[in-house]
Amino acid sequence: MKVLVTGATGFTGCHLARALAKRGQTVLALVRDQARGKDLARAGVILVPGDLTDASSWAGALEGVEVVYNIAALYRQAGLPESTYRRVNALAAGDLVGAAAAAGVRRVVHCSTVGVHGDIDSPPADEDAPLRPGDVYQDTKVEGERLARAAAARTGIELTIARPSGIYGPGDRRLLKLFRGVARRRFVVLGDGRIFYHLTYIDDLVEGFRLCADVAAAAGRTYTIAGGEVSTLNELVSLIAEEAGVPPPRLHLPVWPFWMAGAACEAVCRPFGVEPPLYRRRVDFFTKSRAFRIDRARRELGFEPAVDLREGVRRTLAWYKERGWM
């Protein structure tokens, strides 16, 4: 099978491209910067120059491709206007589905996020839970889903949408502050720590993507792809502490002073394009529950997470330690 992966120089896309190449598939990666793709090339991935925001650069990348995995996205960066998020996370999603259909691609697997559901009132939630995005990233991911579905309906191409929960594993840096803070005994829990936090180990996510592409019945469907275990924040940090060989965090502080301080930092820093030292989204980490059912993916895809939470934490912690980041 010949496939195209967007976002292949990022954490998730890199793991996906490598795994598919290892399975013997011909994997193309749409990349803006060839230098960033050197490791992919060594793994047998074919680098194709292109930019997700420039549809004229996709023609060569789509030729002869059977499946497109659209993994590229802007996550959260300071100083970026909403129009930039919309161009990458929303408009490009619809345009890519249309271009893939015109090129004869069989299926597009579009990576969205469980974040489109916002905070979950009665966890765990499933794919039919209300869409309640809470920031520009989540807003544009909702719009990306809508535009991708509209393009698929218009052209007849198969489309499968995957919504991962929080992704982690070797290669990830977004959870480095959490792991390092706990391991160095500097992590403070805001609030009671009883909110749910649902993680997805990267290898399990990659397998979920592959099933979204390969299972015939997945055409036109949307799936939550997540780990098999849901923990509270207290349970997660205690597990990290145990694997790091330190006592679990005991200090809990009230949320509201930090939320107010985050709002003030954003107001001061954002006009200058500076990353705030504290922002409300970081505080939201301690207040918003994220717990999801994966029954549909299990039933329709045969998806079954293979890496339990403890093993995933152990592997991730080991990777951080190897790089001297702990």
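Quick caveat: nothing in here was measured; it's all calculated off a predicted structure.

**Student:** Explain helix H7 (residues 202–214) to me, please; I cannot follow it from the model alone.
**Tutor:** Along an α-helix, a turn takes 3.6 residues, which lines up residues three or four apart on a common side. For H7, built from 13 residues, the straight-helix expectation of 18 Å at 1.5 Å per residue is met to within 8% by its first-to-last C-alpha distance of 19 Å. The complete set of buried residues in H7 reads Ile202, Asp204, Leu205, Val206, Gly208, Phe209, Arg210, Leu211, Cys212 and Ala213.

**Student:** Can you walk me through the side chain of Thr222 in this structure?
**Tutor:** Looking at where Thr222 falls in the secondary structure, it is placed in strand E11 (residues 222–225). A distance of 3.1 Å separates a polar atom in the side chain of Thr222 from a polar atom in the side chain of Arg149. Leaving out residues up to four positions away in the same chain, Thr222 has contacts with Glu127, Arg149, Ile161, Arg163 and Arg296.

**Student:** Help me understand the sheet that holds strand E3 (residues 46–49) in this model?
**Tutor:** As summarised here, the arrangement of the 7 strands in space is E3-E2-E1-E4-E5-E6-E11, forming an open sheet in which the pairing is parallel. Only two strands of the sheet have a single partner each, and these edge strands are E3 and E11. The mean inter-strand angle of the sheet, taken between neighbouring strand axes irrespective of direction, is 20 degrees. Looking at chain direction, strand E1 (residues 2–6) and strand E4 (residues 67–70) are connected through 4 bridges and run parallel. Bridge pairing in E4 links Val3 to Val67.

**Student:** Where do I start with the pattern of salt bridges in this structure?
**Tutor:** Opposite charge on two side chains lets them pair, provided their charged atoms get close. The final tally for this structure, using the stated rule, is 24 salt bridges. Across the pair Arg87 and Asp95 runs a salt bridge whose closest N-O atoms are separated by 3.6 Å. Overall, the relative accessible area of 24% leaves Arg87 in the partly exposed class. Measuring nitrogen to oxygen at the nearest pair gives 2.9 Å for the salt bridge that ties Arg315 to Glu311. Here Arg315 and its partner Glu311 are both found in helix H12 (residues 309–322), 4 residues apart, which amounts to about one turn of the helix. Arg315 gets classed as partly exposed once you look at its relative accessible area, which sits at 32%.

**Student:** I keep staring at a nonpolar patch on the surface and nothing clicks. Help me out?
**Tutor:** A cluster of nonpolar side chains, contributed by Trp256, Trp259 and Met260, occupies part of the molecular surface with about 390 Å² of accessible area. Along the polypeptide, Met260 turns up in helix H9 (residues 256–269). With a relative accessible area of 51%, Met260 lands in the exposed category.

**Student:** Looking at this model, I keep getting lost on the packing of aromatic side chains. Mind explaining?
**Tutor:** In this description, an aromatic ring pair is defined by two values, namely the gap between the centres and the angle between the planes. On inspection of all chains with the given rule, the structure shows 9 aromatic pairs. Members of the aromatic cluster, joined through ring pairs, are Phe179, Trp319, Tyr320 and Trp325.

**Student:** Help me understand the environment of Arg290 in this model?
**Tutor:** For Arg290, the location among the structural elements is in the loop between helix H10 (280–284) and helix H11 (295–301). Classification of Arg290 by relative accessible area gives partly exposed; the value is 23%. The spacing of Arg290 and Ile120 is 170 residues in sequence and 6.3 Å in space, taken between C-alpha atoms. Discounting chain neighbours no more than four positions away, the residues touching Arg290 are Ile195, Phe196, Tyr197, His198, Val230, Asp284 and Phe285.

Here is what the cut-offs are and how they apply
- Residues numbered from 1 in each chain as written.
- Predicted model: local features only at pLDDT ≥ 70, side-chain atom pairs only at ≥ 80, totals over all residues.
- Heavy atoms only, no water.
- Helix = DSSP H or I, 4+ residues; strand = E, 2+ residues; numbered from the N terminus.
- Expected span 1.5 Å × (residues − 1).
- Buried < 20%, exposed > 50% of the residue type's maximum accessible area, 1.4 Å probe, protein only.
- Polar contact = N/O pair within 3.5 Å; in protein donor to acceptor, adjacent residues only side chain to side chain.
- Contact = heavy atoms within 4.5 Å.
- Pairing = 2+ DSSP bridges.
- Axes fitted to C-alpha atoms, helices over the stretch in contact; angles between N-to-C directions.
- Salt bridge = Lys/Arg side-chain N within 4 Å of Asp/Glu carboxyl O.
- Patch = residues over 30% accessible without salt bridge, like charges linked within 9 Å, V, L, I, M, F, W, Y side chains within 5 Å.
- Areas by Shrake-Rupley, 256 points an atom, 1.4 Å probe, with all protein chains shown as cover.
- Phe/Tyr/Trp six-rings, centres within 6.5 Å; stacked < 30°, edge-to-face > 60°.

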